[in-house]
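# Structure at a glance
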Amino acid sequence: MRKREHGLLPNAASLLLCGLLAGLVVAAAAFPAVAMSGLAAKAGSDTFENLPTDIDVLPSPQISYVYASDGKTLLAMMYDENRRDVKIDDVAQVMQQAMVAAEDNRFYEHRGVDVKGVARAFVANQNAGGQTEQGASTLTMQYVRQAIAYSARTPQEVVDATDKTPTRKLREMKYAIDLEKKLSKKEILERYLNIAPFGHGAYGVYAAAHVYFEKDPKDLTLSEAALIAGLVKAPGTNDPATAEGLPRALDRQKYVLNQMVTMGYIDKATADAAAGKDKLKIVGKRTPEGCESVQRPELGAGFYCDYLRRWWMDQKVFGEDQYQRANRLRAGGYTVVSSLDIQTQTAAWKYAQDQPLVSKDQKVKLGQSNAMMLAAIQPGTGRVQALATNRNFSNDQTQNGGNTNPDKRGQKGNWPNTTVPIITGDSDIPGYQAGSAFKIFTAVAALESGLPLATTIQTEKQFVSDFIISSSSPAACNGNHYCPKNSGGQSGPYNMWTGFGSSINTFFVPLEQQVGVDHVVDVAKRMGIQFNAPEDAKLAANPKGWGAFTLGVSATTPLQLANAYGTLAADGLYCEPTPILEVKDNSGKKVDGLDPKCKQSIDPEVARAAVDMARCPVGDQSASGKCAGATAGYARDFVKRPIAGKTGTTDSEKSATFTVMTKQMAVSGFLTDPDWPETNKDMKHPPVNYAALGVLRDGLAGQPIVGFTAPTKDRSQGKLVDIPSVKCLSVDQARAKVKNAGFSVSVASGQVASQCPPGTVDRTNPAGSTTKGGGVQLVVSKGPGAPAPPYLGNNGGNGNGGVQQNGDIPNTGDGVDTNNCPIPWVC
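A few points on the structure. One numbering rule holds for all chains: residues counted from 1, following each sequence as written. Residue-level local features of this predicted model are given only where pLDDT is at least 70; pairs of side-chain atoms are given and counted only at 80 or more, and the full residue set underlies all totals for whole chains, interfaces and linings. Note that water and hydrogens are dropped before the side-chain values are worked out from all heavy atoms of the structure.

## With respect to the overall build of the chain
Put simply, DSSP marks the helices as runs of H or I at least four residues long and the strands as runs of E at least two long, and each gets a number from the N terminus on. Of regular secondary structure, the chain possesses 27 helices and 26 strands. Relative accessible area decides the class of each residue, using a 1.4 Å probe on protein chains only: under 20% of the type maximum gives buried, over 50% gives exposed, and in between gives partly exposed. Burial analysis of the chain (827 residues in total) assigns 57% to the buried set. Contacts: residue pairs with any heavy atoms within 4.5 Å of one another. Summarising the internal contacts of the chain: among those between residues at least 6 apart in sequence, 72% fall at separations of at least 24. Where accessible areas are quoted, they stem from the Shrake-Rupley method and a 1.4 Å probe; at the residue level, only the protein chains shown are allowed to cover. Total accessible area on the chain stands at roughly 33000 Å², and carbon and sulfur atoms take up 50% of it.

This is the structure:
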């Protein structure tokens, strides 16, 4: 609470000062020319006249309001001081009168300084012998003092504005006299009502009316107005919301009412009727502040609010540094209309808590360590429509269990309460592995390289790649070659439609090898993957040997992945994620520079082809009917809209992800342990799949169904050229034959069992045909031999250099699954 100073120093020096000031002030105010004559007065007048007259008044701190996208639903309030300026015409007349009666009953008579009041205060203080101090500051001078304090730019200026010194009092008088020449009494009273402190966290009459009575200032009664006006004298000790302060507040209320009688505003009977607590219904509710006190708890919007706050801190339009930006958010009086969609956020919060869609008879409760994290974004704008998780946004960790990370034993975990941005990430939370959802980036890179969706690769159960890893890695074979497998042991010819639909690892690693990992990583960057983990950033800077990248071993967040897929839904238009629709400053002017920041990062035809392919895993069908196999084949029937997307699973099911999109919305769901992403607990797919699908379905309810644009024939079928047969030829013969046909040629590192003699060529990858001038790999035979045993499970990876084996797990909504709904009653 600011210390109020109404008295003058009760000593001989103050007597001299008062005498001098009284003469000077009266003369300067009433007879400016005459007052400055005479040698005796000249010395004092020089000091007074040389003081500045203009106050460099900065706006007082104002509360900022954050709304949902409808512009009506209040989500949160941000403030350092709970204040909202109002026009005096929006303040009840009795409140205006009560304020004058309480603080300056000669307000309408003096010209900024009440000389009679100065003299009266001096005499009273001298007679009291220093035991009490009677105030002499006018309402105008009080406003000046507050305005100077709020406009201080340094700690010393704050001290100078409130220090008990004759110099400060002299300066206030000079400012007050000048202010009365420039502003009307009505304007000065308005400024005072908006700046004065009223206790219980309320600054200004608007906040006071809401804190104590939950009403606007224009609706205050006489009894309420007199109580509020009486608080300014000692807002801390007179707090009527406390048992100790209420009697003092009522005494002050009675004083104000009596003053109003003296000034002729009301009669004695009216004052008596208004006095006392019987006419009051004091609420005394502090205005909630910040993201831990969101206004609609049923929306679970705390994490969204926090994301908005973090986003704000990065916007240069709000200040040169984060200190200025934070100050403006909490003191600038902004009206912020966020992009949070009530319908979508409601669904996200609902499905993050438990999964009523997974079981017909009962809800599925997730384990405490399992975090269901959901993000929804609008393609083509980047506007974030929902963020939710099965955690409370709160710093209160008294009920939290222990951290599941073995390296953090003894520390609190992030369940059930946390303020860690587990959905959107930051420097300390780089994200989580997304699994096979990353195969989309390889497909886009291949399409950009001229390969059509029909590009076919003869896949094997285990692919011996050219990528070199540690020989001790479980994903290594043939010494130190990276050798991914398919979780279901699949092999045979696959194209992009069927390879993506069935999530074939041994299709996408050779495809990645053909187009180059550097190209694949570049696509991911252009689509918004940020590589926040230090090891990921290091690999992404020089990715040529990062063979496992296509299988999703890099950390990302639900928001990043939803936006990446949303970029494709928007025909390749990448937009930076934003939580904002519009921001207006305290004057109601729209803040410029906050429109969506978008750029064409992927060619529209490439994006449409990638989306056409991505319809396969979710039970939809490509424009040309090429889909076969789906890892979540029930999804299309559940949403009942054209959709595209992909499931993802990391080694040993440490995380399960599902990203799904329409033209209007992209949703990504992650199920993992944010405390320990390397968890040893299985994260199953049905909960996260149905959570993401539920958000998409419910969020779009009532909106028109919009279909995807079919890709061109060149992007889907391509202009393919036959690859000459090189069956059982020597490597040199095969190389020459394929090269003469206009293709670039490479030789696969491993050898395969076949009927061809050892050392000769068994086949090419791709097989049959490919794009003109495309790359062709020769697969060398090791002679007849028993086929490799079926792969029964994945062995996990050791994280060596970011190279991990990744397999999609069957029968969990990933890997090779049927098109049938695993939970028929919901499909």
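## Observations regarding the environment of Tyr-494
Mapped onto the elements of the fold, Tyr-494 is located in strand β14 (residues 492-494). For Tyr-494, a relative accessible area of 15% puts it in the buried group. Along the sequence, Tyr-494 and Ile-504 sit 10 residues apart, while their C-alpha atoms lie 8.2 Å from each other. Excluding anything up to four places from it in sequence, Tyr-494 contacts Thr-455, Thr-456, Ile-457, Thr-459, Gly-499, Ser-502, Ile-504 and Phe-507.

## So, the state of the cysteines
In plain terms, two cysteine sulfur atoms within 2.5 Å form what is called a disulfide here. By the definition in use, this model includes five disulfides. Disulfide partner of Cys-728: Cys-756, at an S-S distance of 2.0 Å. On the sign convention where negative is left-handed, the bridge of Cys-728 and Cys-756, at about -80° about the S-S bond, is left-handed. In this pair, Cys-728 sits in the loop between β22 (720-722) and α27 (731-740) while Cys-756 sits in the loop between β23 (744-752) and β24 (761-765), placing the two residues 28 residues apart along the sequence. You can call Cys-728 partly exposed: its relative accessible area is 34%.

## With respect to helix α10 (residues 204-213)
For α10, the buried fraction is high: nine of the 10 residues fall into the buried class. Along α10, the positions that sit buried rather than exposed are Gly-204, Val-205, Tyr-206, Ala-207, Ala-208, Ala-209, Val-211, Tyr-212 and Phe-213. Along its buried surface, α10 packs onto β1 (64-67), α4 (93-103), α9 (185-195), β3 (197-199), β4 (202-203) and α11 (222-229). Of the residues one or two after α10, Glu-214 is the one with positive phi, at around 50°.

## As for the nonpolar core
With 103 residues, the main nonpolar core has Phe-441, Met-496, Trp-546, Phe-549, Leu-561 and Val-583 as its most contacted residues. Nonpolar cores were defined as sets of buried Ala, Val, Leu, Ile, Met, Phe, Trp, Tyr and Cys residues, with membership established by side-chain atoms within 4.5 Å. Counting residues in each nonpolar core, the second largest holds 67 residues, with Val-100, Ile-177, Leu-193 and Tyr-206 among its members.

## Comments concerning the pairing of strand β20 (residues 656-661)
With six of six residues buried, β20 lies mostly within the body of the structure. Sheet topology note: the strand β19 (residues 644-649)/β20 ladder contains six bridges and is antiparallel. By the bridge assignment, Gly-648 is partnered in β20 with Thr-657. Pairing between β20 and strand β21 (residues 666-672): six bridges, direction antiparallel. Bridge pairing in β21 links Phe-658 to Gly-669. The hairpin turn running from β20 into β21, its antiparallel successor, is four residues long. By this definition, two strands are paired if DSSP reports at least two bridges between them.

## Notes on the packing of aromatic side chains
Each aromatic pair joins two rings of Phe, Tyr and Trp (for Trp, the six-membered one) with centres within 6.5 Å, and gets the label stacked for planes under 30 degrees apart, edge-to-face for over 60, and tilted for any other angle. Counting across every chain of the model gives 16 aromatic pairs. Relative to Phe-508, the ring of Phe-500 lies with its centre 5.9 Å away and its plane at 65°, an arrangement referred to as edge-to-face. Pair check on accessibility: Phe-500 and Phe-508 agree, each one buried. Three or more aromatic residues joined by ring pairs form one cluster here, namely Phe-438, Phe-441, Phe-531, Trp-546 and Phe-549. Charges are assigned to positions over rings by a cutoff of 6 Å between ring centre and Lys NZ or Arg CZ, combined with an angular limit of 35 degrees from the ring normal. Across the ring face of Phe-107, the terminal group of Lys-185 is positioned such that the distance to the ring centre comes to 4.5 Å. Across the ring face of Phe-500, the terminal group of Lys-646 is positioned such that the distance to the ring centre comes to 5.8 Å.

## Focus: the sheet that holds β1
Pairing between the strands of a sheet is mediated by backbone hydrogen bonds and can be parallel or antiparallel. With mixed pairing, the four strands of this open sheet are ordered in space as β2-β1-β5-β17. Single-partner strands in this sheet number two, and they are β2 (74-78) and β17 (580-584). In this sheet, neighbouring strand axes are inclined to one another by 15° on average, regardless of whether the strands run parallel or antiparallel. Between the N-to-C directions of two axes lies an angle of 0 to 180 degrees, each axis being a line fitted to C-alpha atoms and, for a helix, fitted only over the stretch in contact.

## Some words on the sheet that holds β24
Strand order in this open sheet of three strands is β23-β26-β24, and the pairing throughout is mixed. On the outer flanks of this sheet lie β23 and β24, each paired with one strand and no other. The mean angle between the axes of side-by-side strands here comes to 30°, regardless of whether they run parallel or antiparallel. Bridge count between β23 and strand β26 (residues 775-781): six bridges; the pairing is parallel. Counted as the bridge partner of Ser-744 is Gly-775 from β26. Against the sheet, α27 engages β23, β24 and β26, with an angle of about 160° to β26.

## Quick notes on unusual backbone geometry
Of note, the bond from Trp-415 into Pro-416 is cis; its omega dihedral lies within 30 degrees of zero at 5°. In this structure, Pro-766 follows Asn-765 across a cis peptide bond, with omega equal to -5°. Summarising the element assignment, Pro-766 is placed in the loop between β24 and β25 (769-771). Here Glu-214, not a glycine, exhibits a phi torsion of approximately 50°, which is positive.

## Topic: the side chain of Ser-781
With respect to the helices and strands, Ser-781 occurs in strand β26. With relative accessibility at 0%, the residue Ser-781 sits in the buried group. Residues within four places of Ser-781 in sequence aside, it is in contact with Gln-751, Val-752, Ser-754, Cys-756, Pro-757, Pro-758, Gly-759, Thr-760 and Asp-762.

## Remarks on the pattern of salt bridges
By convention in these notes, a salt bridge is any Lys or Arg side-chain nitrogen within 4 Å of a carboxyl oxygen on Asp or Glu. Using the criterion set out here, one finds 29 salt bridges in the structure. For Lys-186, the salt bridge identified is with Asp-89, shortest N-O distance 3.0 Å. Linking Lys-186 in helix α9 with Asp-89 in the loop between β2 and α4, this pair joins segments that are 97 residues apart in sequence. Looking at Lys-186, the relative accessible area reads 45%, which means it is partly exposed. By relative accessible area, Asp-89 is classed as exposed at 59%. One network of salt bridges, with partners in common, ties together Asp-306, Arg-309, Arg-310 and Asp-426.

By themselves these figures say nothing about function.
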